[in-house]
Amino acid sequence: MNKPLKKHLLSSQIDLAKFAPASDAEKSQQEVMSESTTFFRDGMKKLMRNPLAVGAIIILVVLILTIIIAPMVIPYGYDEILKVDGKRDKTAANLAPFTYSENEMAYMEKTGEKLFPHIFGTDKLCRDYFARVLYGTRVSLTVGLFASILVMIIGVVYGAVAGYAGGKVDLVMMRICDIIYSLPDLLMVILLSVVLRETLGNAISGTIFASLGTNMLSLFIVFGLLYWVGMARLVRGQILTIKENEYVLAARTIGTKPGRILRRHILPNCLSVIIISVALQVPSAIFTESYLSFLGLGVSQPMPSLGSLANEARSALQSYPFQLVFPALMICLIVLSLNLLGDGLRDAFDPKLRR
Amino acid sequence: MAKYVVKRVLLALLTILIVSAITFFSMYTIPGGPFSSEKALSPAVMAALEARYGLDQPVPVQYLNYMRQLIFHHDFGVSLKTGRDVFETITTGMQVSAKLGLSAAAVAIVCGLVLGSVAALNRGKLIDRIVVFFTTLATSVPSFVLATLLLLVFSIQLKLVPAWSATNQSYVLPVISLCMYPMAYITRLTKTSMLDALNQDYIRTARAKGVASYKVIFKHALRNALIPVVTYVGPMIAFIITGSMVVETIFSTGGLGSYFVTSITNRDYPLIMGVTIFLAILMVTANLITDIVYKIIDPRITFD
């Protein structure tokens, strides 16, 4: 069988006699050293190796669990004026953390029942401050998250269309972007929230939006109008490079529709950039929301947000400083951990920073 | 180059026009005029007042009148609440705001450059970690939170810095609360660009031929590391202006920012318009100058 073939001098036919079967030791060298990995799993592994990012994730998880579970445990509502024995407790204003009002003490002595402590004290309208700070955190986080998702959706769609269409469409769409981008954003945000707050009330009364409150709604409108531009530019830039790839050309050659090419081939490839930018958008949205609430333009009373709580505490800064300290520290904690998480995600997923 | 400058100037002018139009028209969609908060006025008095301030004409006409006054006579109108000239109000407000803003900008740039360079030169050492920790912290504290906390700790609890009054005008706390975020940002920028510059071949060449190390750092590394920092100056000015609105209100220093906040609650249309347009011009001009300077000092950038 293996008899040497008669070979032509210049033939490239392989001479099998020159080869021997590989030994087991040699075979083992060819085995894959590490498990195969996907882009996402690789990124997560890197993220988990970053102690700051892991710390931020733990803090955020603890915070989110607290704001979900704690309101079920504590017997006070965020807008509920404290009552003792069914009667309004007028002595419960501006209590220090972990103290009881006179009426509550008397009640506890009389009945021997232990009332739930006011962990952060109470505010000037006799409401439990812990419940208010928790609810404020909930409002701030929700606003930050949904505003960022809104910005992402508008930005990605706009950027994708502009980048993929190219030519004159791209030019016009990007000029619009340039103009919105050059507007002084926070100035416009303040202005628009003033105006929307005053004008929206009539337009939405009776619809489902009314339950959101005009201030909350105007916040979202303002974000949707002004902040998507950065995302749109980013996505467009990514798409301009990705659409030059051969697989896009291949897909186009076999007659794939543009919408499908965008969804199946292009957008998944800029996903990492989008994720990073959303992660960094959330803290800046929380920043803006608390800034507006601090100016009195954010969510409406009695709904608290961290910014409006800090603003209310300002009037009694001298006598009750703790009312400022709690919401202020909460804002810092949230923004800090979200920033650290965003930085971690960027280090883990941004291919440009890979070594 | 000239083409680029013309393009940028035109965009800046367009932006200012758009800002003024948005401000003007949106102000008029708010229900309730400037006179509605006071005692009920008889219709005749109301009509007379509206005619006096030109409020009875159609809104587009009012806008054109306003812009004509603004462009040809530098006239921002008269405040409906105080009766003072808006332009005069702005200039008096600017005296406080400019001092505050410029000192904050100066502190931010100087400290940011120093901290960033120190961190880059001592990469991985303790001092670098301290600087990184500080910048992460400083970028996570909103200026209004920092301002109120500073006021609480230093003015109220420790009584080190007296609260703002006519006789005692201490800029220390407002400047600190304004400059912290930009300073941290500049530190980060300087650090990355300095590290980038230090790895370049020309630095090795300079070191190899025996140039003194301070000369290498200042003449070769820092000068190139400065370029990205220049691009941040425009956004920094915008940040300081918006930050000054809350900071000036918190420390009750007076100034343009706090005028803006009160004019909004007072529905003082001419003052809101005047301050918005003025601040917008300031921000847009800062961005314009930044962009042009950036193109001039970095010859590697191609003009389109």
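Remember, it's a predicted structure, so these values are computed and weren't measured experimentally. (Residues numbered from 1 in each chain as written. Chains lettered and ligands numbered in written order. Predicted model: local features only at pLDDT ≥ 70, side-chain atom pairs only at ≥ 80, totals over all residues. Heavy atoms only, no water.)

J.: Which parts of the structure should I look at to understand the overall build of chain A?
T.: If you tally the helices and strands in chain A, you get 14 helices and two strands. Over its C-alpha atoms chain A spans a radius of gyration of 30 Å, topping by over 25% the 20 Å that the globule rule assigns to 355 residues. With the C-alpha coordinates of chain A rotated into their principal frame, the extents come out at 110 × 60 × 35 Å. Of all intrachain contacts in chain A linking residues separated by at least 6 positions in sequence, the fraction that spans at least 24 positions is 70%. In the structure as shown, chain A presents an accessible area of about 19,500 Å², 63% of it carried by carbon and sulfur atoms. The positive charge centre, built from 35 side chains, and the negative charge centre, built from 27, are 11 Å apart in chain A. (Helix = DSSP H or I, 4+ residues; strand = E, 2+ residues; numbered from the N terminus. Rg over C-alpha atoms; globule rule 2.2 N^0.38 Å. Contact = heavy atoms within 4.5 Å. Areas by Shrake-Rupley, 256 points an atom, 1.4 Å probe, with all protein chains shown as cover. Lys, Arg positive; Asp, Glu negative; His and termini not counted. Charge placed at Lys NZ, Arg CZ, Asp CG, Glu CD.)

J.: Help me understand the packing of aromatic side chains in this model?
T.: Each pair of aromatic rings is reported with the distance of its centres and the angle of its planes. Tallying each qualifying case throughout the model produces eleven aromatic pairs over all chains. When the centroid spacing of 5.2 Å and the interplanar angle of 55° are considered together, the rings of Phe-24 of chain B and Tyr-63 of chain B count as tilted. Here the residue Phe-24 of chain B occupies a position in helix α1 (residues 2-29), and Tyr-63 of chain B occupies one in helix α3 (residues 59-73), the gap between them amounting to 39 residues. Tyr-63 of chain B matches Phe-24 of chain B in its accessibility class, with the two residues each being buried. Within the aromatic cluster, the residues linked to one another by ring pairs are Phe-287 of chain A together with Tyr-181, Tyr-185, Tyr-232 and Phe-239 of chain B. Here the basic side chain of Lys-295 of chain B rests over the ring of Tyr-4 of chain B, its NZ or CZ set 4.3 Å away from the ring centre. (Phe/Tyr/Trp six-rings, centres within 6.5 Å; stacked < 30°, edge-to-face > 60°. Buried < 20%, exposed > 50% of the residue type's maximum accessible area, 1.4 Å probe, protein only. Lys NZ or Arg CZ within 6 Å of the ring centre and 35° of its normal.)

J.: Please clarify how the side chain of Thr-148 of chain B should be interpreted in this entry.
T.: When you line up the elements, Thr-148 of chain B lands in helix α6 (residues 143-157). Not counting chain neighbours up to four residues away, the residues in contact with Thr-148 of chain B comprise Phe-294, Arg-314, Leu-317 and Leu-324 of chain A together with Ile-250 of chain B.

J.: Would you take a moment to explain the interface of chain A and chain B for this structure?
T.: How big an interface is tends to be stated in terms of the accessible area lost upon association of its parts. The interface is formed by 33 residues belonging to chain A together with 44 residues belonging to chain B. Here chain A packs against chain B, burying approximately 3,400 Å² in sum over the two surfaces, 82% of which is carbon and sulfur. In this structure, Asp-343 of chain A engages Arg-188 of chain B in a salt bridge whose closest nitrogen and oxygen atoms are separated by 3.9 Å. Seen at the junction of chain A and chain B, the total is two residue pairs in polar contact (both at pLDDT 80 or more). Sorting the residues of the side of chain A that touches chain B by element identifies α6 (167-182), α7 (185-204), α12 (271-294) and α14 (322-349) of chain A as the ones contributing at least two each. By residue number, the principal contributor to the side of chain A that touches chain B is α14 of chain A, which donates ten residues. Along the lines of polarity and charge, the residues of the side of chain A that touches chain B split into 24 nonpolar, five polar and four charged. (Buried area = accessible area lost by both parts, 1.4 Å probe. Salt bridge = Lys/Arg side-chain N within 4 Å of Asp/Glu carboxyl O. Polar contact = N/O pair within 3.5 Å; in protein donor to acceptor, adjacent residues only side chain to side chain. Nonpolar A, V, L, I, M, F, W, Y, C, P; charged D, E, K, R; others polar.)

J.: Looking at this structure, I do not really get the side chain of Ser-277 of chain A. What am I missing?
T.: Residues and elements named next belong to chain A. Checked against the element boundaries, Ser-277 lands in helix α12. The class of Ser-277 is buried, set by a relative accessible area of 18%. Other than its neighbours up to four places away in sequence, Ser-277 contacts Met-231 and Leu-234.

J.: Looking at this structure, how should I read the confidence of the model for chain A?
T.: When pLDDT drops low, the exact placement of atoms in the prediction is not to be read closely. In this model, chain A carries a mean pLDDT of 80, and residues with pLDDT of at least 70 account for 90%. Mean pLDDT across the elements of chain A ranges from a minimum in strand β2 (residues 87-88) of chain A, with 69, to a maximum in helix α10 (residues 246-253) of chain A, with 90. (pLDDT = per-residue confidence, 0-100.)

J.: Help me understand the pattern of salt bridges in this model?
T.: For side chains bearing opposite charge, pairing can occur when the charged atoms are close. By the definition in use, this model includes nine salt bridges over all chains. Ionic pairing is found between Asp-128 of chain B and Lys-191 of chain B, a salt bridge with its closest N-O pair at 3.2 Å. Residue Asp-128 of chain B is found in helix α5 (residues 126-138), and its partner Lys-191 of chain B is found in helix α7 (residues 172-198); the two are separated by 63 residues along the sequence. Several salt bridges share partner residues, and in doing so they unite Arg-175, Asp-178 and Arg-233 of chain A into one network.

J.: Even after reading the chapter, I still don't get unusual backbone geometry, so can you show me in this structure?
T.: Across the chain, the bulk of peptide bonds are trans and the bulk of non-glycine residues have phi less than zero. Of note in the backbone geometry, Ser-252 of chain B takes a positive phi value of approximately 40° without being a glycine. Tracing the backbone shows Ser-252 of chain B in the loop between α9 (213-250) and α10 (256-266).

J.: Please clarify how the nonpolar core should be interpreted in this entry.
T.: Generally speaking, nonpolar side chains in soluble globular proteins are found buried as a group. Residues Ile-190 and Leu-226 of chain A are the most contacted members of the largest nonpolar core, which totals 153 residues. In terms of residue count, the dominant contributor to this core is helix α5 (residues 129-165) of chain A (15 residues). Among all residues touching Leu-226 of chain A, those that are not within four sequence positions of it are Ile-180, Leu-183, Asp-185, Met-188, Val-189 and Leu-192 of chain A. Listed in part, the eleven residues of the second largest apolar core include Met-194, Ala-206, Leu-222 and Ala-225 of chain B. (Core = buried A, V, L, I, M, F, W, Y, C linked by side-chain atoms within 4.5 Å.)

J.: Is there a simple way to explain helix α3 (residues 51-73) of chain A in this structure?
T.: Side chains three or four residues apart in an α-helix point the same way, a direct result of the helix having 3.6 residues per turn. Residue and element names in this part refer to chain A. Taking 1.5 Å of rise per residue, 23 residues should cover 33 Å, and α3 covers 32 Å from first to last C-alpha, within 8% of that figure. The largest bend in α3 is about 30°, located at Ile-67, with the proline Pro-71 one to four residues further on. Among all positions in α3, only Ala-53, Ala-56, Leu-60, Leu-63, Ile-67 and Ala-70 are buried. Contacts made by the buried residues of α3 are with α2 (39-48), α5 and α14. N-capping of α3 is provided by Asn-50, with a side-chain oxygen placed 3.2 Å from the backbone N of Leu-52. (Expected span 1.5 Å × (residues − 1). Bend = angle between axes of the 7 residues up to and from the residue.)

J.: Help me out: how do you make sense of a nonpolar patch on the surface in this one?
T.: Residues and elements named next belong to chain A. Nonpolar side chains collect at one region of the surface, where Val-61, Ile-64, Leu-65, Ile-68, Ile-69, Met-72 and Val-73 lie side by side and expose about 650 Å² of accessible area between them. Relative to the helices and strands, Met-72 resides in helix α3. Among the residues examined, Met-72 registers a relative accessible area of 66% and is labelled exposed. (Patch = residues over 30% accessible without salt bridge, like charges linked within 9 Å, V, L, I, M, F, W, Y side chains within 5 Å.)

J.: Please clarify how the packing of α5 of chain A against α6 of chain A should be interpreted in this entry.
T.: Axis angle and axis distance: for two packed helices, these are the angle between their axes and the distance between the axes, and together they describe the pair. Residues and elements named next belong to chain A. Running from N to C, α5 and α6 point in directions that differ by 140°, and their axes come no closer than 7 Å. Here α5 runs over α6; the crossing is left-handed. Of the residues in α6, those touching α5 at Tyr-158, Val-161, Ala-162, Gly-163 and Ala-165 are Gly-167, Val-169, Asp-170, Met-173, Met-174, Ile-176 and Cys-177. The residue inventory of the contact of α5 with α6, partitioned by class, reads nine nonpolar, two polar and one charged. (Axes fitted to C-alpha atoms, helices over the stretch in contact; angles between N-to-C directions. Left-handed = near helix turned anticlockwise from the far one by under 90°.)

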